[in-house]
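Spelled out from the first residue to the last, the chains are:
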Amino acid sequence: MRFVKGHGTENDFVILPDADATLDLSARDVAALCDRRAGVGADGVLRVVRAKLCPEAAAQAGEAEWFMDYRNADGSVAEMCGNGVRVFARYLVEAGLAAPGEFAVATRGGLKRVRLGATGDVTVEMGRPRVLGESRAVVDGRECRGLNVNMGNPHLACAVEEPVAGFDLGREPEFDREVYPEGVNVEVFNAVGDHTVSMRVHERGSGETRSCGTGAVATAVAAAHAAGETVGTWEVRVLGGTVTVTLDEDTSYLAGPAVLVASGEWPAVL
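Structural notes, computed from the coordinates. Only a predicted model underlies this, so the values are computations on that prediction, with no experimental measurement involved.

A few words on the packing of aromatic side chains. Counted according to the given criterion, the structure contains 2 aromatic pairs. Considering the side-chain rings of F13 and Y70, the 6.0 Å spacing of their centres and the 70° angle between planes classify their relative orientation as edge-to-face. Residue F13 is located in strand 2 (residues 11–17), and its partner Y70 is located in strand 4 (residues 66–72); the two are separated by 57 residues in the primary sequence. Taken individually, F13 and Y70 each receive the classification buried, so the pair is uniform in this respect. Judged by centre distance (6.2 Å) and plane angle (75°), the ring pair of F175 and Y180 falls under edge-to-face. F175 gets classed as buried once you look at its relative accessible area, which sits at 10%. Just above the ring of F167 sits the side chain of R142; from NZ or CZ to the centre is 3.9 Å.

Ranked by internal contacts, the top residues of the largest apolar core, which has 51 residues, are M68, L92 and F103. Top contributing element to this core by residue count: helix 3 (residues 213–226), with 8 residues. The contacts of L92, once residues within four sequence positions are left out, are V48, W66, L97, A98, F103 and V105. Counting 14 residues, the second largest nonpolar core, distinct from the first, contains A137, V139, V184 and V186.

Let us now look at the sheet that holds strand 4. Across the sheet, 5 strands lie side by side as 4-3-2-1-18; this open sheet has mixed pairing. This sheet does not close on itself; its edge strands, each paired only once, are strand 4 and strand 18 (259–265). The average angle at which neighbouring strand axes cross in this sheet is 25°, direction not considered. Pairing between strand 1 (residues 2–8) and strand 2: 5 bridges, direction antiparallel. Pairing of K5 across the sheet is with V14, part of strand 2.

Procedures and definitions
By convention here, each chain's residues receive numbers from 1 onward along its written sequence. This being a predicted model, a pLDDT of at least 70 is required before a residue's local features are given, and a value of 80 or more before pairs of side-chain atoms are given or counted; all residues contribute to the totals for chains, interfaces and linings. Each side-chain value is derived from all of the structure's non-hydrogen atoms; neither hydrogens nor water enter the calculation. Any two rings among Phe, Tyr and Trp, with Trp reduced to its six-membered ring, count as a pair given centres within 6.5 Å; such a pair is stacked if its planes are under 30 degrees apart, edge-to-face if over 60, and tilted if neither. Numbering of helices and strands starts at the N terminus; helices are DSSP runs of H or I of at least 4 residues and strands are runs of E of at least 2. In this scheme, a residue with accessible area under 20% of its type's maximum is buried, one over 50% is exposed, and one in between is partly exposed, where area comes from a 1.4 Å probe on protein chains only. By definition, being over a ring means that NZ of Lys or CZ of Arg is both within 6 Å of the ring centre and within 35 degrees of the ring normal. The definition of a nonpolar core used throughout is a set of buried Ala, Val, Leu, Ile, Met, Phe, Trp, Tyr and Cys residues joined through side-chain atoms within 4.5 Å. In this description, contact between two residues means that some pair of their heavy atoms is separated by no more than 4.5 Å. A pair of strands is labelled paired if DSSP reports no fewer than 2 bridges between them. Axis definition: a line fitted to C-alpha atoms, over the contacting stretch in the case of helices. Angles run 0 to 180 degrees between N-to-C directions.

Right, dumping it as structure tokens:
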């Protein structure tokens, strides 16, 4: 089985080309691939398959040829991944499956339009964030209140007083299971400048990651909410680099680098 390895601000993925939907990818297979000691190592898997061949994406096939079948590192299925879709788009262009410029990608979180810039950055339209009130989590023994933001997947973005570097996000935070019955991605962030925040994240199914695209947008929404704003551009600094989030009245955009770093064959799965 051939694979490609890529990352967006060090949020890394194993990309599996499967144009004709022939791979029977189990949760165990995904976990084996993502294992950082015994496998390739990644925060998740991006399966590249034609949208028309997947029942869950067939309705989007008229606008997007390719479906991003995203799996978390533990093998669980996820709705969307902001950095993942940017890396997915980079792969499509590098592999000759899409022309440079702007095109659509089908995801479980809906259709996402992507644009590849001349500088190497990839921008994805993330859709309109849904703010669903407030909730709380216990992160590293500290209670944190935050904004419940849905980006096609659930987030709890918490502004904290202490520097985010002081938090241990290796363990899953405690959260309200009634609010998040299927789990939640939890971000902690500090304002560090004008429309600039520093963020760390624990992603459900993957643990702490170096970056999270949907989490960066959720964090920008929470930072804007705290500032009494609804639109604007925010710089979000994550462990793996920096991404830019733009909010307007109708949608949101995530921009940042996306690179492919390796390719090979994996004989141990299937």
